[in-house]
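Summary of the model geometry
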Amino acid sequence: LNHLGTLPWSFVSLMESGFSSAHDSCSKWMCIEMAIETLQKSEGLSSQRSSLLNSHLQWLLDNYETAEGVSLPRSTLYNHYLRHCQEQKLDPVNAASFGKLIRSIFMGLRTRRLGTRGNSKYHYYGIRVKPDSPLNRLQEDMQYMALRQQPVQQKQRFKPVQKFDSCSGENYSGGGQPIPGAAEQTVIAQSQHHQQFLDASRALPDFVELDLGQSNTENISPEDVKALQSLYREHCEAILDVVVNLQFSLIEKLWQTFWRIFLSLVCSLLSSVSEIEARLPRSQLLVLCRNEAVLKWMSTCDHLMYQALVEILIPDVLRPIPSALTQAIRNFAKSLEGWLNNAMNAIPQRMIQTKIAAVSAFAQTLRRYTSLNHLAQAARAVLQNTSQINQMLSDLNRVDFANVQEQASWVCQCEEGVVQHLEQDFKATLQQQSSLEQWAAWLENVVTQVLKPYEHRPSFPRAARQFLLKWSFYSSMVIRDLTLRSAASFGSFHLIRLLYDEYMFYLVEHRVAQATGETPIGVMGEFDSLNTLSLSNIDKGMWQRKGQSPKNSTSRKEILVLMTVSAFEQK
């Protein structure tokens, strides 16, 4: 009762004078209770989940204290925490959630970016390790970045990109720690610089529950279903951590570990695989991979994960990002399908097709968004050049829009008033010398106005696709007129047209996803699934009906047509 009576005073003290004075007047348990209450209100944590955080909060109070004029790197605190969780066999929270834990217990904590140019890090300002804490004896350990109780091989996924011989012990110090080389330090510095362009706070969304229902014809046990859900969630979280830290090459190893590809190059792999085998034997995994409900569930999970990865890597398609990061993302996208195919050797074909369809949509999205970003930066220079804008406006006023509308109306059948309104609005926006962000807002407004009559209707996706086709047709007619007139600003218009077409695709893709309750990756995945069909999966009867055989047919166009028809017949 005495403790409860002091709670209001402690809370006021905490808000007015900061955590230091409150820490002296409150017992540790009261601080933890207040932190949990704060998390429950702000994050909606359940009572059961909140009770599990007691030990995490207690560890923070035991090892850290507030102090003016000092700071600690955020990565250092998280590495300490991950080491503690590993030693105590606790399930750690991700980096974003850990930040919320710290702020709930050390209120008023500030974040600063400290360090030399190109090699700066985010620091928590106003906190330090307690003088009597055992953490003072620890040194920075790169092996524990983003550790999440994954198999041994996955725990080492943030080792330097430089290859080490883990069996012979070369390039390691006497304590078993890797010795950073000059090349490695350069890679790490560049990676840390690039991470400021990512949205590392984004967490993996919750996955839907796997329900086999009537499809459980092989008597799959509930324990195996639960094990698959747990393992796959951990697997996806490991992939997210690797991507956040830009360690793209380790994705292949994560896939190989999950799908049980045995590699002799990694000494610790056998223990990793044995850990997974104990939870879900490979024989049962193969049985699950043939189940229709599992295929649909894993496809849904993949779409959620890949969408999160896209939003981490490219949180804003119009924001400038370094060319080196853009190229790294594009190389990553180029490698994905090959890595996954190699890792899924001997897995049932239907599961391979399902996984490839999702990763193909992910790779295509990364390529499109990086191209869109590149176009945006090139167009930004044009839109900021007053003389170029004046020339574009002069050339645009010479275009015969009446003739354009007359030719396009038969194909597009658009209302003349709508087209005239867009023409006038476009010229007015150009005359105002609008910025790239203002043009993006204008394009978004166009999409909203055109698609508004179709909202909450089943025809929305089809109307959105038709709008893209009509937009592209009209813009190509305008470019054609500018070409025939040898317009001086043709190059600028061509660049702007490419950007606006790509951005329109981006906007419509997201609107369709919102209308259908899918992720943008999921929307694209529906169409990319056609590309995963191989000739061996095409119904042989189709070839017979055409009087052909796959060997005798040399037309790629015919093959694609037949594959598409086959897909629709299967549906």
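Residues numbered from 1 in each chain as written. Predicted model: local features only at pLDDT ≥ 70, side-chain atom pairs only at ≥ 80, totals over all residues. Heavy atoms only, no water.

As annotated in an unreviewed UniProt entry, the chain is Regulatory factor X, 3 (influences HLA class II expression) from Sparus aurata. The chain has a UniProt comment under Subcellular location (unreviewed entry) that states "Nucleus". (UniProt positions renumbered as here; feature names shortened; annotations may be inferred.)

Our next topic: the packing of aromatic side chains. The description of two aromatic rings rests on the distance between their centres and on the angle between their planes. The full count for this structure, using the stated rule, is 20 aromatic pairs. Summarising the aromatic geometry, the rings of tyrosine 369 and tyrosine 506 are spaced 5.2 Å apart at their centres and angled 75° between planes, so their arrangement reads as edge-to-face. Taken together, the residues span a long stretch of sequence, with tyrosine 369 in helix H17 (residues 349–383) and tyrosine 506 in helix H23 (residues 490–516) at a distance of 137 residues. Across the pair, tyrosine 506 and tyrosine 369 agree in class, each one buried. Pairwise contacts between aromatic rings join Trp59, Tyr64, Tyr78, Tyr81 and Phe98 into one cluster. Residue placement shows arginine 233 over the ring face of phenylalanine 207; its charged tip is 4.9 Å from the ring centre. (Phe/Tyr/Trp six-rings, centres within 6.5 Å; stacked < 30°, edge-to-face > 60°. Helix = DSSP H or I, 4+ residues; strand = E, 2+ residues; numbered from the N terminus. Buried < 20%, exposed > 50% of the residue type's maximum accessible area, 1.4 Å probe, protein only. Lys NZ or Arg CZ within 6 Å of the ring centre and 35° of its normal.)

Quick look at the confidence of the model for the chain now. Within the chain, residue pLDDT values average 76, and 69% of them lie at 70 or more. Counted against residues more than four places away or in other chains, residues 1–26, with its pLDDT under 50, gives 27 contacts. (pLDDT = per-residue confidence, 0-100. Contact = heavy atoms within 4.5 Å.)

With that settled, the discussion passes to helix H12 (residues 250–258). Across the nine residues that make up H12, a large majority, eight, are buried. Three or more residues of H12 are buried, namely Leu250, Ile251, Glu252, Leu254, Trp255, Gln256, Thr257 and Phe258. A positive backbone phi angle near 65° is found at arginine 260, which sits one or two residues after H12.

Moving on to helix H22 (residues 460–484). With 25 residues, H22 ought to run about 36 Å at 1.5 Å a step, and its terminal C-alpha atoms sit 36 Å apart, in line with that. Positive phi appears at serine 486, one or two residues downstream of H22, with a value of about 50°. (Expected span 1.5 Å × (residues − 1).)

The next subject is the nonpolar core. One finds Leu228, Trp255, Trp259, Leu313 and Phe332 to be the most contacted residues of the largest nonpolar core, which totals 124 residues. Counting residues per element, this core draws most heavily on H17, at 16 residues. For this core, the domains that each give at least three residues are domain 2 (182–371) and domain 3 (385–569). Residues within four places of tryptophan 255 in sequence aside, it is in contact with His235, Ile239, Tyr306, Leu336, Trp339, Leu340, Ala343 and Val359. By size, the runner-up hydrophobic cluster in this structure holds 23 residues, among which are Tyr78, Val93, Leu101 and Leu135. (Core = buried A, V, L, I, M, F, W, Y, C linked by side-chain atoms within 4.5 Å. Domains from an automatic or database assignment.)

Residue position: serine 489 is located in the loop between H22 and H23. With a relative accessible area of 4%, serine 489 lands in the buried category. When residues no more than four places from it in sequence are discounted, the contact partners of serine 489 are Gln391, Met392 and Asp395.

Turning our attention to unusual backbone geometry. Even without glycine at this site, lysine 89 takes up a positive phi of about 55°. Given the relative accessible area of 69%, lysine 89 is considered exposed. A positive phi angle is found at alanine 346, which is not glycine, with a value near 75°. Structurally, alanine 346 is set in the loop between helix H16 (323–343) and H17.

As a further point, take the packing of H17 against helix H18 (residues 386–396). As a packed pair, H17 and H18 sit with axes 7 Å apart at the nearest point and diverge in direction by 85°. Compared by their axis directions, H17 and H18 come out roughly perpendicular. Residues Ala381, Val382 and Leu383 of H17 form the contact with H18, whose own contacting residues are Gln388, Ile389 and Met392. Looking at the contact of H17 with H18 residue by residue, the classes come out as five nonpolar, one polar and no charged. (Axes fitted to C-alpha atoms, helices over the stretch in contact; angles between N-to-C directions. Parallel < 35°, antiparallel > 145°, perpendicular 65-115°, else oblique. Nonpolar A, V, L, I, M, F, W, Y, C, P; charged D, E, K, R; others polar.)

Another point: the pattern of salt bridges. A side chain of one charge can pair with a side chain of the opposite charge when the charged atoms of the two come close. In this structure the tally under the stated criterion is 14 salt bridges. We note a salt bridge from arginine 128 to glutamate 65, for which the minimum N-O separation is 2.9 Å. Of this pair, arginine 128 sits in strand S3 (residues 121–129) while glutamate 65 sits in strand S1 (residues 64–73); the two residues are 63 residues apart in sequence, bridging distant segments of the chain. By relative accessible area, arginine 128 is classed as partly exposed at 36%. Note on glutamate 65: relative accessible area 22%, which makes it partly exposed. For aspartate 395, the salt bridge goes to arginine 398, with nearest N and O atoms at 3.1 Å. The exposure class of aspartate 395 is buried, given its relative accessible area of 5%. (Salt bridge = Lys/Arg side-chain N within 4 Å of Asp/Glu carboxyl O.)

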